[in-house]
Amino acid sequence: MRRRSRCPTARGTTTFAATALTGVLSAATVLGVTVLGVTVPAYAKTTPKIATNDACTILTSKQAAKFGKPVAAPLAGPANLDCKFGVGADPAAAPGGTLTALILYPNQFAARVDNAQLGVEDQHAIDQLSSQAVEDVSGLGTSAYFNTTKGEVVFAPNKKLGIILNWAPAPAGTAMSTRDQKKLIALAKDVAKRANAK
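The structure contained in this document is the topic of the report that follows. (Residues numbered from 1 in each chain as written. Predicted model: local features only at pLDDT ≥ 70, side-chain atom pairs only at ≥ 80, totals over all residues. Heavy atoms only, no water.)

### Re the pattern of salt bridges
Next up, step 1: Across all of its chains, the model carries three salt bridges by this definition.
Next up, step 2: Residues Lys183 and Asp180 are paired through a salt bridge, measuring 3.4 Å at the closest nitrogen-oxygen approach. Residue Lys183 and its partner Asp180 are both found in helix α4 (residues 178–195); the two are separated by three residues, about one turn of the helix.
Next up, step 3: Overall, Lys183 belongs to the partly exposed group, its relative accessible area being 25%. (Salt bridge = Lys/Arg side-chain N within 4 Å of Asp/Glu carboxyl O. Helix = DSSP H or I, 4+ residues; strand = E, 2+ residues; numbered from the N terminus. Buried < 20%, exposed > 50% of the residue type's maximum accessible area, 1.4 Å probe, protein only.)

Here it is as C-alpha cells:
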C-alpha cells in the first residue's frame, strides 16, 4: 500500500501562513513597526476628548493616580462644571487628598469675555485683588499662573477652554508641597496637549 504524503496541503500551508501573519501584525500593532511595506501605528489607549461642558473629561483616573492610590470614581458637580477625584484610601486623611478639575471658561466668564485667555486674565486679577499669592507658569500660554494660596493652576489650552486644576492635600488646611506643585503643573501641560490634539 502506498503511504500518504505527510507534506502539508496547500490549504494547511495557507492557514499556517495566515496565522503567522496575524501574530506578526498583532505584535506590530503594539510596537508600531512596518510590516510588508505597511506601517502599523503603535497601540495607544483611547482617551475621551475634553468637552467644554463636562469637567470630568479633563482628567483621567490614571492621571489622578499621580497623586496617590487608590483613586475614587470621579464625582461631577452642578452642571458638570467641576469634577473631583478622591485620592488615597481615605481622601480626608494624609497622604490622601482631592484633585479637582474645573471649567473656568465657558462658565462664569462666558458672558463678559470673548475667549478663555481673557477669562484666565480676569481670574488672575480677582485672585490678586483678594491678596492671594500668584506666580506665572511657563509653557501653558501667556496668561497661565499658579495660585499658591489655593494650590491650583489656572490656564487656557486654547481660546475655547479655560481650566483650573486644584490639588487639596489632606487633612484640610495642609499646604501643598513643592513636589505636588510641580506634579500639578506637569498634569496641566498634559491636559493642554490633549485639549489641542487633532
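### So, the nonpolar core
Next up, step 1: If you look at the biggest cluster of nonpolar residues, it comprises 29 residues, and the most contacted ones within it are Ile58, Leu59, Leu99, Val153, Phe155, Leu165 and Leu184.
Next up, step 2: Those elements that place two or more of their residues in this core are β4 (82–87), β5 (97–105), β8 (152–158), β9 (161–169) and α4.
Next up, step 3: No other element matches α4, which puts six residues into this core.
Next up, step 4: Discounting chain neighbours no more than four positions away, the residues touching Phe155 are Val120, Leu140, Ala144, Leu161, Gly162, Ile163, Leu165, Ala188, Val191 and Ala192.
Next up, step 5: With nine residues, the next largest nonpolar core counts Leu104, Val113, Ala156 and Ile164 among its residues. (Core = buried A, V, L, I, M, F, W, Y, C linked by side-chain atoms within 4.5 Å. Contact = heavy atoms within 4.5 Å.)

### Notes on the packing of aromatic side chains
Next up, step 1: Under the defined criterion, the tally for this structure stands at one aromatic pair.
Next up, step 2: The ring of Phe67 has Lys183 sitting right over it, with the charged end atom 5.0 Å from the ring centre. (Phe/Tyr/Trp six-rings, centres within 6.5 Å; stacked < 30°, edge-to-face > 60°. Lys NZ or Arg CZ within 6 Å of the ring centre and 35° of its normal.)

Nothing here speaks to function; it is geometry throughout.
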